[in-house]
Amino acid sequence: MYKAVMVSLRLALGIGLLGSVVWQVTDRVINNVFRPDEYFAYFSIVSAIVAGGLSLYSAYVLATDKDETKFHNIARLSLAAAMVIVGVVYHALLADAAPDVRDIGYVWPVLPNEIIHTYAPIALVVDYLFSIRSPKLRLRASLWVAIFPLAWLGFSVVRGLITNWWPYWFINPNEDGGVPSMLMYVGSITVFFLAVGYLLQSVRLSFSKIYRS
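This one's a predicted model, so the numbers in the text were calculated from it and none came from an experiment.

Conventions used here
Residues numbered from 1 in each chain as written. Predicted model: local features only at pLDDT ≥ 70, side-chain atom pairs only at ≥ 80, totals over all residues. Heavy atoms only, no water. Helix = DSSP H or I, 4+ residues; strand = E, 2+ residues; numbered from the N terminus. Buried < 20%, exposed > 50% of the residue type's maximum accessible area, 1.4 Å probe, protein only. Contact = heavy atoms within 4.5 Å. Expected span 1.5 Å × (residues − 1). Salt bridge = Lys/Arg side-chain N within 4 Å of Asp/Glu carboxyl O.

Novice: I would appreciate a short explanation of the side chain of Glu-38 in the present structure.
Specialist: Here Glu-38 shows up in helix H2 (residues 36–39). Residue Glu-38 is classed as buried on the basis of its relative accessible area of 10%. For Glu-38, the contacting residues outside a window of four places in its chain are Arg-102, Arg-159 and Trp-165.

Novice: Before we go on, may I ask you to explain helix H4 (residues 70–94) in this structure?
Specialist: Counted at 1.5 Å a residue, the expected span for H4 with its 25 residues is 36 Å, and the 34 Å between its end C-alpha atoms agrees. For H4, the buried fraction is high: 19 of the 25 residues fall into the buried class.

Novice: Explain the environment of Arg-138 here, please?
Specialist: Assignment of secondary structure puts Arg-138 in the loop between helix H5 (110–129) and helix H6 (147–163). For the pair Arg-138 and Ser-202, spaced 64 residues apart in sequence, the C-alpha to C-alpha distance is 9.1 Å.

Novice: Just checking my understanding: could you explain the pattern of salt bridges for this structure?
Specialist: It is possible for side chains of opposite charge to pair when their charged atoms get near one another. Enumeration over the complete set of coordinates arrives at eight salt bridges. For the salt bridge of Lys-3 with Asp-65, the shortest nitrogen-to-oxygen distance reads 3.2 Å. On the criterion of sequence distance, the pair formed by Lys-3 in helix H1 (residues 2–30) and Asp-65 in the loop between helix H3 (43–63) and H4 is long-range, its members being 62 residues apart. Residue Arg-76 is joined to Glu-68 by a salt bridge in which the shortest nitrogen-to-oxygen separation is 3.1 Å.

Novice: I'm lost on unusual backbone geometry in this one. Help?
Specialist: One can expect most non-glycine residues to show negative phi and most peptide bonds to be in trans. A positive phi is found at Asn-32, a non-glycine position, where the angle reads about 60°. Along the chain, Asn-32 falls in the loop between H1 and H2. One non-glycine residue, Asn-164, lies in the positive phi region at around 60°. For Asn-164, the location among the structural elements is in the loop between H6 and helix H7 (178–212). For Asn-164, a relative accessible area of 56% puts it in the exposed group.

Here it is in structure tokens:
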């Protein structure tokens, strides 16, 4: 029962996330507003693609009774935390943001947007917390969740300084507040990542004790 449910959840996650990206790309191409160099630079899209691919691979690992490695488990923790941040930041800072002037009149398809920013983050957390067959990680493994977002931030800042295009206003040093404001947001988001990773891993370890009892 456990295996069937978790494999189905991971398949649904993988197909849902990757399908949402394909849906969005297709819709933007049809409406002549697709800019691939910008679209694939958003953290939400990068995270959705990586999390979708990882979910499909995780489904395969579980379905074939292969051993889940420590690296695989850390990756799952990192992507669960990343998608939680995607959801929280989107609903807190970006949902009501003004659209790009080049997109005025264009309306994003609703369902893929909701899958990426709302449903998938919740499902990934459920998948990680209830993966009772995964190897046990120590609490300090939660520190690894900062690697993925920091790598993306580093790339995005360097790219922005070269092209003067920024995927999110809060990492743009040319906005009100300048560099100090940008660093404050970057620092806050990094701390938030670590906190989410720590919380997820703490709950996971607590659940593990219950499973073994």
